[in-house]
Amino acid sequence: MIFTDAIFYAFLAIVFAAYWIVKGKELRLGILLIASAVFYGWWDWRFLFLIAFVIGVSWLTALQAAKREPGERTRRRWLVFGIAANLIVLGFFKYANFFAGSAAESLRAIGIEPGWTLLNILLPVGISFYVFQAISYIVDVARGHLAPEQRLRRVALYIAFFPQLVAGPIVRAASFFPQMDRDKRLTRGLLASGLKAFLLGLAYKAGIADHLAPFVDPVYGDTFTPGDADLSQWSNAALIGATFAFAGQIYFDFAGYSLMAIGVARWFGFYIPRNFDYPYAATSIQDFWRRWHISLSSWLRDYLYIPLGGNRGGRLATYRNLMATMVLGGLWHGAAWTFVAWGALHGAGLVVNRLAKTATGAVLGLVLTQFFVLLCWVPFRAEDFGDVLTVWSAFTGLREGGPGMLSWLVFAVPALIALDAILGKLAPRLAPLRQPLLYWAGLGALAGIVLALYPLDAAPFVYFQF
Amino acid sequence: MSVLAVIVMGLALVLAHTLRGANGGFRLVHIGAFALSLAVTALVIRFFASENGIERRSDYDRFVLHGLNLAEASNAPLWVFVGASYSRNAIDDDGLTARLQERGRHVRVINLSLQGASLQERRAHLEAFLARTPRPPERVFLEVAPEFDADPVYVFQVAKFSDRAIDQFTPRNTARATKDILARQCGGLVACAKAAAFTGSHGLMNAFNIGLLYSGERLEGMEPEAAWDAQTEPREELSEKQRTEISSPARGLALATQEALREPHAWGAAYREEWVAELEAADIQVGFYFPPVLDPGKRAYGRGLCQREPYRPCIIADDPELLAALDGEVWFDPGHLLVPGADSYLDWLADRLVEARP
């Protein structure tokens with residue numbers, strides 16, 4: 001069940017009605033918890049055992065850690081145990097085959113046949129997101145930044161809250177728990193702001209991202225069936241066009257999902273922080289990471305980069321920490337060396353950003369940054385390094401066949417991205433359209449447009465694979 | 001992705017970013033404004049899509065394009081066969097054209113058939129052909145099979161919530177299907193309730209253009225493809241009972257006689273009558289046909305229709321001589337022919353077409 005499935009709308013209508021009909025905070029939270037279980041179990045009911053384990057371990061270890069005094073060794077042990085248990089779950093389901101396969105290839109390279117076979121492991125949807133959310137809860141409690149939650153069901157709802165369960169945004173417990181305690185009323189503002197976010201997200205996802213996917217998948221191969229791409233058969237123009245299309249697709253797809261999640265959460269009276277702030281308007285790599293997948297980049301900063309030492313140990317240590325954070329961030333996205341390379345490239349970009357003393361102008365910074373980001377999307381999307389080199393060589397014009405005709409996507413995608421960013425920045429400064437009749441007529445027009453653009457065979461959200 | 005889609009995407013971004021919370025109450029008038037604006041937007045999008053030739057497409061459109069190519073490449077009168085999979089596996093346009101020419105009829109046969117095509121779908125695609133053909137067909141032959149006549153929403157047996165299904169529920173078709181469902185021409189209360197729900201939802205999806213700018217495309221942008229689908233290997237082995245139905249004319253005829261007494265399905269008969277009147281008003285001669293199948297009931301249904309159609313060509317493949325020739329390895333499955341079976345049928349059909357009164 002994804003946000004663009006017809007069944008989701010039926011599910012949402014039922015949960016929404018039940019949630020607001022019943023009275024009482026706990027009953028409502030119970031409804032959301034049951035709905036979250038149904039939502040997640042819809043993919044595969046066996047996943048419920050896994051998420052239940054993550055919830056149970058996180059709840060227990062946070063409670064146990066909080067019982068110990070700060071600085072006490074057992075407190076630290078509970079913290080390590082909680083993090084390790086979560087990482088083992090993530091590691092087994094997401095990375096076991098990757099590391100086993102990489103080790104086997106290395107052994108074969110030196111003439112040794114490994115004595116193991118790879119397991120057929122099903123990757124549970126959204127595991128990277130909810131494991132990170134669970135870890136942040138344990139760490140926040142162990143650090144003393146957050147009181148442990150005694151009620152298991154509340155920890156369960158925090159980790160499994162269905163609007164953001166499978167693809168984020170990664171929500172912090174410190175912002176979510178107080179919202180569970182707040183009395184909620186169904187107001188016009190709540191409905192309207194939820195609808196606005198949801199419709200914008202739907203316009204991003206169904207109106208734009210899904211229209212770009214047919215230019216990406218035939219070239220790069222289907223995201224969900226690896227091994228079916230043959231990039232060498234495509235012209236340079238097609239490769240460059242597909243890369244531009246992917247840059248647009250991943251932004252509108254993921255930002256669209258995040259907005260829809262924010263909208264759905266609003267309808268239940270919950271605020272989820274924004275996840276994107278027009279990243280393609282960034283004028284440096286550092287700026288880009290303040291705008292792209294904000295909930296992940298801030299998580300990596302708070303729970304990885306700063307614990308590693310951050311920028312406190314001198315210049316070299318800062319660079320090392322940046323590289324380590326970004327490489328692990330790359331690996332978080334997928335169990336493949338291409339994702340590691342993507343993370344490493346961005347890490348290197350951040351280091352160069354810090355090394356560069358002379359400030360570039362905004363326009364030059366924008367162009368350089370976005371071209372770098374665009375080239376980095378190649379390893380992110382390609383299936384192997386051979387494909388990466390094929391696409392990069394198409395950009396240089398060194399690849400046989402010459403540059404060929406430039407794809408119109410090279411102009412259309414940046415135009416849509418620019419329009420989105422300009423409107424996004426300008427809109428708050430414009431006098432809001434507060435005349436109710438015009439407002440609702442505008443929403444009707446937007447709905448009419450989104451419906452016409454709506455794909456009947458909606459592609460899964462790109463970030464579901466992570 | 002069309003230029004229109006890109007423009008509409010831009011409009012969506014403009015609206016989505018500029019609309020912000022409304023002051024004041026939320027009353028019935030606001031729901032009205034929302035609904036009216038939604039309807040107007042849908043109409044405007046439909047108008048511009050139509051002006052740009054953007055429609056939902058299926059394989060049927062490829063067949064139409066192929067048919068148009070055949071029509072342009074020939075100066076002979078056109079005979080168009082419109083049907084479903086029975087015809088796709090039986091009527092080789094070139095083969096039947098050659099046979100007719102051997103028999104002295106200089107015509108160009110065009111097969112416009114798609115598997116599972118409802119009567120509405122066939123009519124829409126014949127209309128698309130007629131709108132673009134360099135000259136109107138001399139004759140149009142309509143395939144007659146009971147299952148398509150029985151169900152005003154036959155499409156739901158082959159496709160739901162797809163472009164192909166949504167495309168059929170134009171306001172006119174939706175209204176007509178609703179009327180027919182209300183008249184209980186859908187086999188029981190539960191079936192009618194399901195048909196009504198599907199009809200309503202597909203009608204709305206059509207009216208609000210759902211996915212039109214995603215999957216819609218211009219006919220000219222498609223690759224033509226022949227409807228004739230030559231099958232060379234059987235899909236399934238026939239049972240002894242099925243074999244008997246073709247090899248035992250006595251049993252087949254007994255069943256067929258019973259079936260022939262039955263009235264034609266009212267919905268299909270009425271729909272066809274209206275369709276035929278429209279074609280004849282355009283000076284196109286209309287005939288009926290049904291390719292060979294094992295099921296004697298289906299053959300008899302066609303024969304029943306022919307008994308009620310004394311003035312138009314009506315060629316149902318229930319000739320014992322033809323059926324005897326089809327008693328062998330000529331069946332793709334009980335309803336469809338392999339190439340050798342189609343060859344026998346086309347020889348027989350060419351003779352009947354030559355004999356048939358105009």
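So, here's what we can say about the structure. (Residues numbered from 1 in each chain as written. Chains lettered and ligands numbered in written order. Predicted model: local features only at pLDDT ≥ 70, side-chain atom pairs only at ≥ 80, totals over all residues. Heavy atoms only, no water.)

## Concerning the environment of I240(A)
All names here are of chain A. Put simply, the rule is: Counting from the N terminus, the helices are the DSSP runs of H or I reaching at least four residues and the strands are the DSSP runs of E reaching at least two. Any two residues whose heavy atoms approach within 4.5 Å at even a single point are treated as in contact.
Structurally, I240 is set in helix α9 (residues 236-267). Separated by 135 residues in the primary sequence, I240 and L375 place their C-alpha atoms 9.9 Å from one another. The residues touching I240, leaving out its near neighbours within four places in the chain, are A394, F395 and V410.

## Concerning the packing of helix α11 (residues 294-305) of chain A against helix α12 (residues 315-333) of chain A
All names here are of chain A. The test is simple: Think of each axis as a best-fit line through the C-alpha atoms, taken over the contacting stretch in the case of a helix, with angles from 0 to 180 degrees between the N-to-C directions. What sets the label is the angle itself: under 35 degrees gives roughly parallel, over 145 gives roughly antiparallel, 65 to 115 gives roughly perpendicular, and the rest give oblique. Rotating anticlockwise by less than a right angle from the far helix to the near helix defines a left-handed crossing, while the corresponding clockwise rotation defines a right-handed one.
Between α11 and α12, the least distance of the axes is 10 Å, while the angle of their chain directions is 125°. As the angle between them shows, α11 and α12 are arranged oblique. Helix-helix and strand crossings are classified by hand; for α11 and α12 the assignment is right-handed. Residues L296, L300, L304 and Y305 of α11 form the contact with α12, whose participating residues are T318, N321, L322, T325, L328, G329, W332 and H333.

## Details of the sheet that holds strand β2 (residues 78-83) of chain B
All names here are of chain B. As a reminder of what qualifies: Any two strands are treated as partners once DSSP identifies two or more bridges connecting them.
Spatial strand order, β3-β2-β4-β6-β7: five strands in an open sheet with parallel pairing. The open sheet terminates on both sides in strands that have one partner only, identified here as β3 (108-113) and β7 (314-316). Neighbour-to-neighbour, the strand axes of the sheet open up by a mean angle of 20°, direction not taken into account. As paired strands, strand β6 (residues 285-290) and β7 are joined by three bridges and run parallel to one another.

## Quick notes on the pairing of β6(B)
Residues and elements named next belong to chain B. Operational definition: Note on classification: 1.4 Å probe, protein chains only; a residue is buried when its accessible area is under 20% of the maximum for its type, exposed when over 50%, partly exposed between these limits. Seen with its strands pointing away from the viewer, a crossover is right-handed if its path from the first strand over the helix to the second goes clockwise.
Burial analysis of β6 places five of its six residues in the buried class, which makes it a mostly covered element. Summarising the sheet, strand β4 (residues 139-143) and β6 pair through five bridges and their orientation is parallel. Its bridge partner being in β6, V140 is matched across the sheet by V286. In this fold, the crossover linking β6 to β7 by way of helix α15 (residues 296-307) has right-handed handedness.

## Considering the state of the cysteines
Residues and elements named next belong to chain B. The test is simple: Cysteine sulfurs are considered disulfide-paired once they come within 2.5 Å of each other.
In total, this model carries one disulfide over all chains according to the counting rule given. Each sulfur in the disulfide pair C306 and C314 lies 1.9 Å from the other. Handedness of the C306-C314 disulfide follows from its S-S torsion of about -80°: it is left-handed. Residue classification places C306 among the buried positions, given a relative accessible area of 17%.

## Digging into the nonpolar core
Note the threshold: In this text, buried Ala, Val, Leu, Ile, Met, Phe, Trp, Tyr and Cys residues form a nonpolar core when linked through side-chain atoms within 4.5 Å.
Judged by nonpolar contacts, the single largest core of 167 residues is most densely connected at Y130(A), F162(A), F270(A), Y280(A) and W377(A). Sort the elements by how many residues they give to this core and α9(A) lands first, with 20 residues. With residues up to four places along the chain from it excluded, the contact list for Y280(A) reads A247(A), I250(A), Y251(A), F288(A), W292(A), L366(A), Q370(A), V373(A), W377(A) and I417(A). In terms of nonpolar packing, the next biggest core, distinct from the first, is built from 42 residues, L68(B), L78(B), V276(B) and V286(B) among them.

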